[in-house]
Structure formats: C-alpha cells, structure tokens
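# Observations on the three-dimensional arrangement
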Amino acid sequence: MADLSGKVALVTGAGRQRGLGRAIALRLAQDGADVIVSAFPRDPSTFPEHEQEMGWKGSQSTVEEIEAMGRRAVAADCDVTDKASVEAMVQKGLDAMGHIDVLVNNAGVPSDAGSANILDMDDDLWYSTMDINVNGVYLVTKAVGRHMRDAGNGGSIIMISSLAGRRGLADYGAYCASKFALTGMTQQLALELARFGIRTNCIAPGSHSTDMMDGTIARSVDNYGLSEEQFRAALANASPMGRQGFPYELAAAVAFMAGDDASYVNGQTLNVDGGAQMN
C-alpha cells in the first residue's frame, strides 16, 4: 500500500461507476490522498441501466465515496478538449485543495474499438478520438504540469494508455494510434520534467471489466459474427491468467506509480494485462 498522505491527486474520467477512473480515485484516497474527481458531464438519462437504478450521480458519487473514507474530495467536471474548461477544472481543484501532486490522465473514448477499420471509418470519429485521447491529455498535462513546476514540490504524472497502445489491433479505429501517442508523450515529458522532480509514467491496461470494455465486446461480437460467450472466452484466453482484470488491480499499479516507492521510476510504460503483452 502506497503512503499518499498529504498528497492531492487529480483523476480525469472518474465519473462512471464501473470505470477505471473511479477505481483509481478510490484507491488513491484509500492510500491517503485527497482527490479532485473529474469527468465529462453526462445527461443522467444516458447513464447505463445499472447506474440509473442505483441513483448514480457521476463524479459527485465518486466524491461521496471518497468523503466516506474520511478524505477530502471535490468534483470538477470538465471537457478535456476545451482549454478554458481544463483551466477552470484545475483552478477549482487548486481553490479547494491548495496544490496538486499527482495527475492521472484517465479520460478517454473507445473510438468504436472492435468495429472500425481505418480505411472505412468516419473521418470525424478519427478527429474526435484524437481530440479527446491525445489533445485532451496534452491540455490537462500542460495545465497541471505548469502548476507542479512552479510549485517546486515535484509530482507524478500518470498516463492511462492501453494494450492497444502497445501493439496494433485490427478494427480499433483511432484508438490504437491515440494510445500509442501516450507512450511517446510519456517519454518526452519524463525527459523534460525530471529536473523539476516530476516523474511521468504510463500504465497500459489489458482487458478489464468495465462498461467501456463491455461496449468494445459488443461491437466486436457484431463485427466478427461471434457469440458474446465465444468472444469473452477468446478474450480470457488471450491472457495467461485466463481472465479479465478488475479495475482495482489497475488502480493498485497507479497508486504505486503515484507514490514514493516509485521515486526512481520515470518514463516507463507498465502493462497491467495478466501477461497478455510481455514487453
């Protein structure tokens, strides 16, 4: 367990009940951090059935879970593709918490992964995916990174990429390209920010049990003409551990990268995929 006492973390894309972002935010709070919880604002009528049934309130529900642990938390919803929205999110977090020590760039979209090949995909889908998955990370990192640099207390920036950012996957639209970009951004930032005591690392999740992955499975089933059971079995067999990961397992890796136990880890991409990709 990492000791993040006295640290403040900002986690983007943390408004879904079955999402990696929520699991990350909860784990960082469990390890002692106060958390700025950010998500893209969603109309409650569009929430998945399980969220509607439980009265889920997006990022505010994640905040309430963190506060129940005795940690401080604030919701700062944001469109990561809009510079003014990003700057307002960071300022709201700073006004509430005073500083930011850990940034987790988790916000992202799947880009019709599992059903969109590059030659036939809609151009707007390509551009919107890059805007969120790459430009959004750039804008958030720039805003938070400048604060970290100017504060002079170091920090940890963590990108959430994907197994699809480690090897090409057919019919994954713009998702592969956007997630590969995060590896390059991680390495460049690691070189540029190390002298300020800021470490930059990347986590590459394999298949995890989330709403986003369920959507990819559904699209893949339609695209390849398999039953859901067949596709899920193939997905499980792709990992030597024979199963999908759980969000809390990914969150544990993020907590390690965020804490002082990783004080000499910089510019690295860590796969959390049960051994599906070994490099």
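Throughout what follows, the structure given in this document is the object of discussion. On a predicted model such as this, the values are computed, not experimentally measured, just so you know. (Residues numbered from 1 in each chain as written. Predicted model: local features only at pLDDT ≥ 70, side-chain atom pairs only at ≥ 80, totals over all residues. Heavy atoms only, no water.)

All right, on to the nonpolar core then. Core analysis: the largest hydrophobic core is formed by 32 residues, its most contacted members being Ile24, Leu28, Val104, Ile158 and Ile203. Among the elements of the structure, β1 (8-11), α1 (20-30), β2 (34-37), α3 (59-68), β3 (73-75), β4 (102-105), β5 (155-160) and α9 (247-258) are those that each provide at least two residues to this core. Not counting chain neighbours up to four residues away, the residues in contact with Ile203 comprise Ile158, Met159, Ile160, Ser161, Ser162, Leu250, Ala253, Val254, Met257, Leu270 and Val272. Core analysis: the second largest hydrophobic core is formed by 31 residues, Ala76, Val86, Leu103 and Met159 among them. (Core = buried A, V, L, I, M, F, W, Y, C linked by side-chain atoms within 4.5 Å. Buried < 20%, exposed > 50% of the residue type's maximum accessible area, 1.4 Å probe, protein only. Helix = DSSP H or I, 4+ residues; strand = E, 2+ residues; numbered from the N terminus. Contact = heavy atoms within 4.5 Å.)

Quick look at the pattern of salt bridges now. Scanning all chains against the criterion turns up 12 salt bridges. A salt bridge links Asp34 to Arg72; the shortest N-O distance between them is 3.2 Å. In this pair, Asp34 sits in strand β2 while Arg72 sits in the loop between α3 and β3, placing the two residues 38 residues apart along the sequence. The partner of Asp214 in a salt bridge is Arg232, with the nearest N and O atoms 3.1 Å apart. With Asp214 in helix α7 (residues 211-224) and Arg232 in helix α8 (residues 228-237), this pair connects stretches of sequence that are 18 residues apart. Since its relative accessible area comes to 28%, Arg232 is described here as partly exposed. Each of Arg18, Asp211, Asp214, Glu228 and Arg232 takes part in one network of salt bridges that share partners. (Salt bridge = Lys/Arg side-chain N within 4 Å of Asp/Glu carboxyl O.)

Strands pair in a sheet through their backbones, by hydrogen bonds, and they do so in one of two ways: parallel or antiparallel. Spatially, β3-β2-β1-β4-β5-β6-β7 is the arrangement adopted by the seven strands of the open sheet, whose pairing is parallel. With one partner strand each, in any of the chains shown, β3 and β7 (269-272) form the two edges of the open sheet. For this sheet, the mean angle separating the axes of adjacent strands, direction not counted, is 15°. Strand direction decides the pairing type here: strand β6 (residues 198-205) and β7, joined by four bridges, are parallel. Across the sheet, Cys202 pairs through a bridge with Thr269, a residue of β7. Against the sheet, α3 touches β2 and β3, its axis set at about 175° to β3. Against the sheet, helix α5 (residues 123-151) makes contact with β1, β4, β5 and β6, and its axis sits at roughly 175° relative to β4, the strand it touches most. (Pairing = 2+ DSSP bridges. Axes fitted to C-alpha atoms, helices over the stretch in contact; angles between N-to-C directions.)

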